[in-house]
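# Structural features, examined
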Amino acid sequence: MPETVSITAFQNGDMGAFNHVFNFFYKRVCFFAAGIVNENFAEDIVQDAFVKLWERRRSFKDLNSIKAFLYLTTKNSCINSYKHQKVVDKFEGAQVESIEQSNMMHQLIEAEVLEEVQRAVEQLPPGYRKVIYLSYFEGLSNQETADYLQVSINTVKTQKVRSLRILREILKHSPTAIALLIHKVL
């Protein structure tokens, strides 16, 4: 089909002429776009360029102006897509960094608090210490703790209550507990 007939038909909305233009330029414009952005995005960008071409088909006088339009539109869309992806990547990177820092801070505080609790438990009388260790660190029930220590269940309950009261008093003035409180307030 001669170029003048093709362009006139193209301008008048002839789908055969549009298909001719599409088939003539599509692969090379896709190759051009894939050199700038991810190949998955390249085809979408080129298809959008052809949609814009179709919407403005009456303004083109020859194949060179169509080619220039397709390359320029594709280039600008690729640049915009690339910039957008950089912003998204930066945001996601900041989110990951923020999450990682938050998680690290949580882990740090947890480690410090556990160390402080361990030191406080070491200050308990030996019988109380055994009850706390078996009940809270080993996860034994009151009955299992009583059976293991060969004492009554009421003894275990009483020692747990007294131990927790002593631990609260010890930890009330702990530097880690104060730091934790400051961190939560800030």
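Anything mentioned here points back to the structure above.
Along each chain, residue indices are assigned from 1 in the same order as the chain's sequence is written. This being a predicted model, a pLDDT of at least 70 is required before a residue's local features are given, and a value of 80 or more before pairs of side-chain atoms are given or counted; all residues contribute to the totals for chains, interfaces and linings. As a convention, hydrogens and water are excluded, and side-chain values are obtained from all of the structure's heavy atoms.

## Here we look at a nonpolar patch on the surface
Our working definition: Residues forming no salt bridge and having over 30% relative accessible area are the ones grouped into patches, like charges within 9 Å of each other and nonpolar side chains (Val, Leu, Ile, Met, Phe, Trp, Tyr) within 5 Å. Here the Shrake-Rupley method, with its probe set to 1.4 Å, supplies the accessible areas, and only the displayed protein chains count as covering residues. Any carboxyl oxygen of Asp or Glu that lies within 4 Å of a side-chain nitrogen of Lys or Arg is treated as forming a salt bridge with it. By definition, any uninterrupted DSSP run of H or I lasting at least four residues is a helix, any uninterrupted run of E lasting at least two residues is a strand, and each is numbered from the N terminus. For every residue, the accessible area (1.4 Å probe, protein chains only) is compared with the maximum for its type, and the residue is labelled buried under 20%, exposed over 50%, or partly exposed between those bounds.
Among the surface-exposed residues, Tyr133, Tyr136 and Phe137 lie close enough to one another that they form a single nonpolar patch of about 320 Å² accessible area. Its place among the elements puts Phe137 in helix α5 (residues 126-137). Note on Phe137: relative accessible area 34%, which makes it partly exposed.

## As for the environment of Lys157
Within the secondary structure, Lys157 is located in helix α7 (residues 153-172). For Lys157 and Asn142, which are 15 residues apart along the polypeptide, the C-alpha to C-alpha distance reads 7.0 Å.

## Re the packing of helix α2 (residues 15-34) against helix α3 (residues 39-55)
For the record, the criterion: With axes taken as lines fitted to C-alpha atoms, and helix axes fitted only over the stretch in contact, angles between N-to-C directions fall between 0 and 180 degrees. In this scheme the handedness of a crossing depends on how the near helix is turned from the far one: anticlockwise by less than a right angle means left-handed, clockwise means right-handed. The contact rule is simple, with two residues in contact once any of their heavy atoms fall within 4.5 Å. Residue type decides the class: Asp, Glu, Lys and Arg count as charged, Ala, Val, Leu, Ile, Met, Phe, Trp, Tyr, Cys and Pro as nonpolar, and the leftover types, Gly among them, as polar.
With their axes 9 Å apart at the nearest point, α2 and α3 run at an angle of 145 degrees to one another. Relative to α3, α2 is oriented so that their crossing is right-handed. For the pair α2 and α3, contact is made by Met15, Phe18, Val21, Phe22, Phe25, Tyr26, Val29, Cys30, Ala33 and Ala34 and by Glu39, Ala42, Glu43, Val46, Gln47, Phe50, Leu53 and Trp54, respectively. Across the contact of α2 with α3, the residue classes tally to 15 nonpolar, 1 polar and 2 charged.

## Looking at unusual backbone geometry
Excluding glycine, residues mostly have negative phi values, and the peptide bonds linking residues are mostly trans. Non-glycine residue Gln150 carries a positive phi angle of around 60 degrees. Residue placement: Gln150 occurs in the loop between α6 (142-149) and α7.

## Overview of the pattern of salt bridges
Scanning the entire structure with this criterion turns up 1 salt bridge. When the shortest N-O distance is used, the salt bridge between Glu169 and Lys172 registers 3.6 Å. Taken as a pair, Glu169 and Lys172 lie in helix α7 at a separation of 3 residues, close to a single helical turn. Taking relative accessible area as the criterion, Glu169 reaches 44% and is therefore assigned partly exposed.

## Things to note about the side chain of Lys160
Defined as follows: The charged-residue count follows a simple rule in which Lys and Arg add positive charge and Asp and Glu add negative charge, with His and chain termini not counted at all.
Tracing the backbone through its elements, the reader meets Lys160 in helix α7. An unpaired buried charge is present at Lys160: no salt bridge exists, and Glu144, the closest side chain of opposite charge, is 10.0 Å distant. When sequence neighbours within four positions are dropped, the list of residues in contact with Lys160 reads Val131, Ile132, Ser135, Tyr136 and Asn142.

## A word on the environment of Gln47
Along the chain, Gln47 falls in helix α3. You can call Gln47 partly exposed: its relative accessible area is 39%. Once the C-alpha coordinates of Gln47 and Val29 are considered, the two residues, 18 residues apart in sequence, prove to be 9.8 Å apart.

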